[in-house]
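Here's the letter readout for the chains.
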Amino acid sequence: MPRDMMDDSQITVLPALEQTILGVVIIDENNTVTFFNKAAENLWRCTRLDVIGRNVNVLVPRNIRASHDELVSHNRISGTNRIVGTSREVRVERFDGTTFWANLSLSRIAVGGKVGYMALIRDISQEVDDREKIRLLSLVVRETDRGVAILDPEFRIIYVNRAFSDIFGSSPEQVTGHGLSVILSGDAADMDVLNRLHESARTARGCVVEIRARHATGRDIWVSAAMNPVVGREGEIENIVVVLTDITEQYFLDSLQRDTLAAISSHLGLREVMDFICRRIEHHLPDIMPAIYLAEKGERLKCVGRASLPLSLVELYDGQPISPDAACSGQAASTGMIVQCGDIATDPHWRHMRAATMHSGIKAAIATPIILRDNRVAGVFTCYSRTDTVPDAACQKAVATSLHLCTLAIERYETEEHISRLSDFDMLTGLPNSRWLRQNMPRLLRRPGRGHLMLMTVGMDGFKHINDLFGHTAGDELIAYIGNTLRETISPDDTLVRSGGDQFTIVTGGEQQHASILGAAILHALETPATVGDVRVNLAASLGIAVYPENGEDGDTLLKNAESAMFQAKDEGGGRCCFFSQSMNRQASDRLILAAALREALANNRLRLFYQPQVDARTGRMYGVEALSRWTDETLGFVSPARFIAVAEETGQIETIGKWSLRVACEQMAQWIRDGVDVPIVSVNLSPLHFRDEALPRFVADLLKETGIPPTRLTIEITESTMIDNYERTIHMVQTLRDMGVGISMDDFGTGFSSLSSLAGLPVNEMKIDRSFMQGLESIEKVRAVVMAAVRIGQSLGMTVVAEGVEHEDQRRLLAEMDCDVLQGYMFSKPLPPEELNAWLAAYQPIALAS
């Protein structure tokens, strides 16, 4: 304002205005800036030269310039006080384009009829920012879905937000002034948690806990409480801020999963686990009645889990078809998709079940398929609703969690069922096995009304030879065929079990005459030839019968006695039926005693090898010896090879005997070489089992290296059936032995089932004609023709032909006329121990035998 508008007192004030921290702007009666202090320069970021002498509008924000001029003019003319003496918050534009918030107050200056104004400006940008932050924080607290409670230092509630009231159903007035215990359930465990919260706040530490609380309606809810103390400058607690999150739904889902997994792990049955899931969901969602169904054979649904779903409805829903035209559960199982039914009263798919369903208060439903990891629809999880709406999101979350649990439970149940079938059922025939039979024998023995209970054990005669000849794949096909034949022969009331490799056991009831008739029917049914590939094979069986309780009062005894009777039938020639007697029991015991004694003899090296000479049919010179096992037991005395070899094959000890024989024979050959004894070759018999061991060639190679004998001094004898069993593998192993220089002899030629085409491809350098052909060689023309053919076949294939069982001169002469290469038998010598063989060799005079 010009100095002519000021009196002396006003002029003296100007220096003070220059020094004030407030921005001061003075305008004259023409709205021209006449004073602009240093603080104003700082606020507008300009110099007073930029402003003084210009219209005040250069300082006024653009958005209020028009109204500002009008208000100033109106005040100047009328004197109406609308702007003077008041303060306003305005956003001011600086000269550099930035803005700040200012508190603006105007004072009117009227001198000599001229009216000017003085403006005082204070920068309040920080205050405005702080106030806005507080407003935003208040907005967040007010509008967040997390409950917020602010406590005083005494832990009394002084503020709660709207979400707090929503979570707990309590108004601010109902909780203000109270401690947090007002919302807790009141259990001792809850109070312990509250005490931990208090302690954490007192020590100025924040913490987060899960705590059970009580809704105003009385139901329990779970919340996550995060407590953080607000500490003053002196370290004192000024307030405690508690943020609460409703975790009831997640807590339910977590506990449902945790508890269901525990139930599954505890080996509860599938129905118990499914019932448990349904009860938990229904307790959490009272308007829902859940049920779980399994898809049976992909055709029908079977209820395996429910809570309060009425039994009458379970019986109605059970067996509902899996079809797109069925109600929602059947549709979901058929399509693999979620199916909703919002109104059962009008849905045509419910027409057959509508009345009973609605009578039970069910109005809507949603069915969700249970899909296993192999994408198979195993069942359906259906939620029936008591309200008019399809189950809501909370229900769908519970179902989503439960689907995973149902999948685990079903897959575990199926796995256990599969393991049970592997343990208790024969996978080849589908029949129960011996383990199942022993477990269920007490129940079978208690079955009333069937007369005498009898166990019948069926064992196939000569099945091992068929298996060795055609291989295990063909053997498995025959076992399956035999199982089906027996299943068709017995009555539906009888129980059929595969109790061993080629053994079956039948549990039947009635009088002994019934057992005899059934036994005869079984033997007759098994006489029908079976076909293996293109070959028809004649079958035969032996059958043993034990009667309860005469032949045993418990299952194990009956099984053992029925098996003893079956072995007796085999010993009597097979193809017959025997009832158990005490003498059979003694024979079975003898067999066990013999097996145990043999095991001990092998462990203590009590078997011996005897050697039977083989001579050249033309020169009479020594050709070689065959090593034969002999056993004399301290208690049992001499045990014939036929007896203990059979037991060794039954008990799996034959492989041990074979390897022992190889080792002893090679060591003996090494001794003969060192002693200068002329034994060109030693032959050792091996069973078919040895040629299933791929390590056999390595064992022989190591043995030859260890003993130092030339491979050509060892011959391994095998049967024709051994060559046919797993032909490719056996041929490979035999060829490996031949490549090493070891001789291979086909033993018992003529007793097996070899074809000439397979014989021609065998890597065999020797063929032995079985001793059985020596009987009748002199008197039966057909026998001579067969032996002649065998000699010609062997020699035409480049094999040395050895005739076994030569006992007298007529046999020797006929074989010589046939030009047979080598002879072996009692005519020359019985099998001898090494020391006697040495003596025999010393006395033997090799005279030409050819006629």
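Quick notes on the rules
- Residues numbered from 1 in each chain as written.
- Predicted model: local features only at pLDDT ≥ 70, side-chain atom pairs only at ≥ 80, totals over all residues.
- Heavy atoms only, no water.
- Pairing = 2+ DSSP bridges.
- Helix = DSSP H or I, 4+ residues; strand = E, 2+ residues; numbered from the N terminus.
- Right-handed = clockwise from strand over helix to strand, strands pointing away.
- Axes fitted to C-alpha atoms, helices over the stretch in contact; angles between N-to-C directions.
- Parallel < 35°, antiparallel > 145°, perpendicular 65-115°, else oblique.
- Left-handed = near helix turned anticlockwise from the far one by under 90°.
- Contact = heavy atoms within 4.5 Å.
- Nonpolar A, V, L, I, M, F, W, Y, C, P; charged D, E, K, R; others polar.
- 1 Å grid on protein atoms, 1.4 Å probe; cavity = no way out; pocket = protein on both sides within 12 Å on 5 of 7 lines; lining within 4 Å.
- Points joined across faces, edges and corners; volume = space filled by probe spheres on them.

A. Quick peek at the pairing of strand β30 (residues 800-803). By the bridge criterion, 4 bridges tie strand β29 (residues 766-769) to β30 in an arrangement that is parallel. Bridge pairing in β30 places K768 opposite V802. Read as a crossover between parallel neighbours, the route from β29 over helix α26 (residues 781-796) to β30 is right-handed. The pairing of β30 with strand β31 (residues 822-824) spans 2 bridges and is parallel. By the bridge assignment, V802 is partnered in β31 with V822.

B. Representation of the packing of helix α8 (residues 248-265) against helix α9 (residues 270-284) within the structure. With their axes 10 Å apart at the nearest point, α8 and α9 run at an angle of 165° to one another. When the axis of α8 is compared with that of α9, the two are roughly antiparallel. Note on packing geometry: the crossing formed by α8 with α9 is right-handed. When α8 is examined against α9, the residues T248, E249, F252, S255, L256, D259, T260, A263 and I264 are found in contact with a partner set consisting of V273, F276, I277, R280, I281 and H284. Class assignment of the residues belonging to the contact of α8 with α9 gives a composition of 8 nonpolar, 4 polar and 3 charged.

C. Focus on the layout of surface pockets. Taken as a whole, the second largest pocket holds about 320 Å³ of empty space. Around the second largest pocket, the lining residues are R219, D220, I221, W222, T248, Y251, F252, S255, R280, H283, H284 and P286. Among the elements of the structure, β9 (220-231), α8 and α9 are those that each provide at least two residues to the lining of the second largest pocket. A class-by-class count of the residues in the lining of the second largest pocket yields 5 nonpolar, 4 polar and 3 charged.

D. Seen up close, empty space enclosed by the protein. Considering all chains together, one arrives at 2 cavities of 30 Å³ or more under this definition. Along the walls of the second largest cavity sit L180, I183, L184, L194, L197, I211, A225, V242 and L244, which together make up its complete lining. Going through the elements one at a time, α7 (188-202) and β10 (237-246) are the ones with two or more residues in the lining of the second largest cavity. Residue composition of the lining of the second largest cavity, by class: 9 nonpolar, no polar and no charged.

Scope: geometric values only; no functional claims are made or implied.
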